[in-house]
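These are the residues of each chain, in order.
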Amino acid sequence: MSSFAAIVLAAGKGSRMNSDVHKQYMNLAGKPVIYYSLKAFSDSPVDEIVLVTGVGEQEYCRRELIEKYQFTKVTHIVEGGAERYHSVYQGLMACANAEYVMIHDGARPFVTQDIICRAMEDVPRSRANIAAVPVKDTIKMTDETNCVTDTPRRDRLWSVQTPQTFETTLLKNAYEVMMKQEDADITDDAMVVERYGGYKVHVIMGDYRNIKLTTPEDLLIGEIFATEKNG
Ligand code: CTP
Ligand code: MG
């Protein structure tokens, strides 16, 4: 049997949320935002979960999340780093023995069992996949003066989500090359594999509800989704 680890990222500062409390700990329909992703992976077939937190937050997370909600699949709580890719790297070091790894934004509470299972079923063949949904808006490219230079075909554009799922060695090797150059453009894990692993990443269907809570208005819709989920 293949082994799967999920790395749940919660080491960000949530600067675009403009809140005193880091967004992953904000209350969403009675539970902290990060609770929902930990619950989703706990209820899924993954074997272990690595939680990546901010500096000095490990003890708090152990007490207020892992013990309180009995998330027994959580095997490690590790400290993240300054950029998202530093946090991913720390998480990877903690579960390097798993055959496959799923990287998930803790700020994306509405990941579904369907998405997780789709990713797990696809990865033995694709070796690298990302959840994404077709874009609904027309997307424009512009130059530095905000003049439109291109309108890519909408039927080829995807809005990328997490989880992003990889053969662990493929992702780890690509990260190792990237970390030597500290590529600041990196915004997701697939980019690391595309640029430094020389490998084509497969897109699998995500869900329009699998939103990332990024700016304050996302909390309004998040509250509705969470209330429905807690049902
Ligand atoms: N993340 C992380 N470590 C970082 C930066 C981000 O673990 N150094 C995590 C966040 O906690 C979040 C996910 O990566 O779950 C997606 O990042 P993003 O939405 O950008 O969150 P923040 O970086 O916290 O927010 P912002 O960019 O607005 O500061
Ligand atoms: Mg960020």
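Engineer: I'd like to hear about the nonpolar core, residue by residue, with values.
Structural biologist: One recurring pattern in soluble globular proteins: nonpolar side chains tend to sit buried together. Counting residues in each nonpolar core, the largest one holds 38 residues, and the members touching the most others are Leu38, Phe41, Val46 and Leu51. Elements with a minimum of two residues in this core: strand E1 (4–10), helix H1 (33–42), strand E4 (48–53), helix H2 (58–67), strand E5 (74–79), strand E6 (100–105), helix H4 (113–126) and helix H7 (216–230). A per-element tally of this core places H1 first, with seven residues. Discounting chain neighbours no more than four positions away, the residues touching phenylalanine 41 are Ala6, Val8, Val46, Ile49, Lys73, Met102, His104, Val111, Ile116 and Pro163.

Engineer: Summarise the side chain of threonine 168; cite the residues concerned and give the values.
Structural biologist: Structurally, threonine 168 can be placed in helix H5 (residues 168–181). Apart from the residues within four sequence positions on either side, threonine 168 is in contact with Leu92, Cys95, Ala96, Ala98, Glu99, Tyr100 and Val101.

Engineer: Report on the site of ligand 1, specifying residues and quantitative values.
Structural biologist: Taken together, the neighbourhood of ligand 1 is formed by 18 residues, with Gly14, Ser15, Arg16, Ser87 and Lys212 sitting nearest. Serine 15 is positioned such that a nitrogen or oxygen atom in its side chain is 2.5 Å from an oxygen atom of ligand 1. Backbone polar atom of alanine 82 to a nitrogen atom of ligand 1: 3.1 Å apart, as the coordinates give it. For ligand 1, whose unbound accessible area comes to 560 Å², protein coverage reaches 88%. For the shell around ligand 1, the elements supplying multiple residues, two or more each, are E1 and helix H3 (84–94). The residue makeup of the shell around ligand 1, split by class, is five nonpolar, six polar and seven charged.

Engineer: Help me get a handle on the pattern of salt bridges, residues and values and all.
Structural biologist: Going through the model one piece at a time under the given rule, you end up with eleven salt bridges. A salt bridge links aspartate 43 to lysine 39; its shortest N-O distance comes to 3.2 Å. For aspartate 43, a relative accessible area of 47% gives the class partly exposed. Given a relative accessible area of 32%, lysine 39 falls into the partly exposed group. Across the salt bridge formed by arginine 63 and glutamate 64, the nearest N and O atoms sit 3.6 Å from each other.

Engineer: Hey, could you go over the sheet that holds strand E11 (residues 202–205) for me, with residue numbers and the actual values?
Structural biologist: One open sheet accounts for seven strands, arranged E5-E4-E1-E6-E10-E7-E11; its pairing is mixed. Every interior strand has two partners, whereas the edge strands, E5 and E11, have only one. This sheet shows a mean twist of 25° between the axes of neighbouring strands, independent of strand direction. Against the sheet, H3 contacts E1, E4, E5, E6 and strand E10 (158–167), and its axis sits at roughly 145° relative to E1.

Engineer: Any details on H7? Residues and values, ideally.
Structural biologist: Look at H7: 21 Å from first C-alpha to last across 15 residues, which is about the 21 Å you get at 1.5 Å a residue. Along H7, the sharpest change in direction is near 25° and occurs at glycine 222. Along H7, the residues that are buried comprise Asp218, Gly222, Phe225 and Ala226. For H7, the secondary structure elements touched by its buried residues are strand E2 (27–28) and H1. Following H7 by one or two positions, glycine 231 adopts a phi angle in the positive range, close to 20°.

Engineer: A description of the packing of H5 against helix H6 (residues 189–196) should follow, citing residues and the corresponding values.
Structural biologist: Two elements in contact, H5 and H6, have axes whose closest approach is 9 Å; the angle formed by their N-to-C orientations is 80°. When the interaxial angle is binned, H5 and H6 end up roughly perpendicular. Across the interface between the two elements, Leu170, Leu171, Ala174, Tyr175, Val177, Met178 and Gln181 of H5 pack against Asp189, Val192, Val193 and Tyr196 of H6. Here the contact of H5 with H6 is composed, by residue class, of nine nonpolar, one polar and one charged.

Engineer: Describe in detail the environment of glutamate 217, supporting the description with residues and values.
Structural biologist: Relative to the helices and strands, glutamate 217 resides in helix H7. For the pair glutamate 217 and methionine 17, spaced 200 residues apart in sequence, the C-alpha to C-alpha distance is 8.9 Å.

Engineer: Which residues make up unusual backbone geometry, and what are the values?
Structural biologist: Look at the link from threonine 162 to proline 163: it is a cis peptide, with omega at 15°. Of note, proline 163 is situated in strand E10. Phi is positive for alanine 29, which is not a glycine, with a value near 50°. Take alanine 29: it is sitting in the loop between E2 and strand E3 (31–32).

The rules behind each value
- Residues numbered from 1 in each chain as written.
- Chains lettered and ligands numbered in written order.
- Predicted model: local features only at pLDDT ≥ 70, side-chain atom pairs only at ≥ 80, totals over all residues.
- Heavy atoms only, no water.
- Core = buried A, V, L, I, M, F, W, Y, C linked by side-chain atoms within 4.5 Å.
- Buried < 20%, exposed > 50% of the residue type's maximum accessible area, 1.4 Å probe, protein only.
- Helix = DSSP H or I, 4+ residues; strand = E, 2+ residues; numbered from the N terminus.
- Contact = heavy atoms within 4.5 Å.
- Near = heavy atom within 4 Å.
- Polar contact = N/O pair within 3.5 Å; in protein donor to acceptor, adjacent residues only side chain to side chain.
- Areas by Shrake-Rupley, 256 points an atom, 1.4 Å probe, with all protein chains shown as cover.
- Nonpolar A, V, L, I, M, F, W, Y, C, P; charged D, E, K, R; others polar.
- Salt bridge = Lys/Arg side-chain N within 4 Å of Asp/Glu carboxyl O.
- Pairing = 2+ DSSP bridges.
- Axes fitted to C-alpha atoms, helices over the stretch in contact; angles between N-to-C directions.
- Expected span 1.5 Å × (residues − 1).
- Bend = angle between axes of the 7 residues up to and from the residue.
- Parallel < 35°, antiparallel > 145°, perpendicular 65-115°, else oblique.

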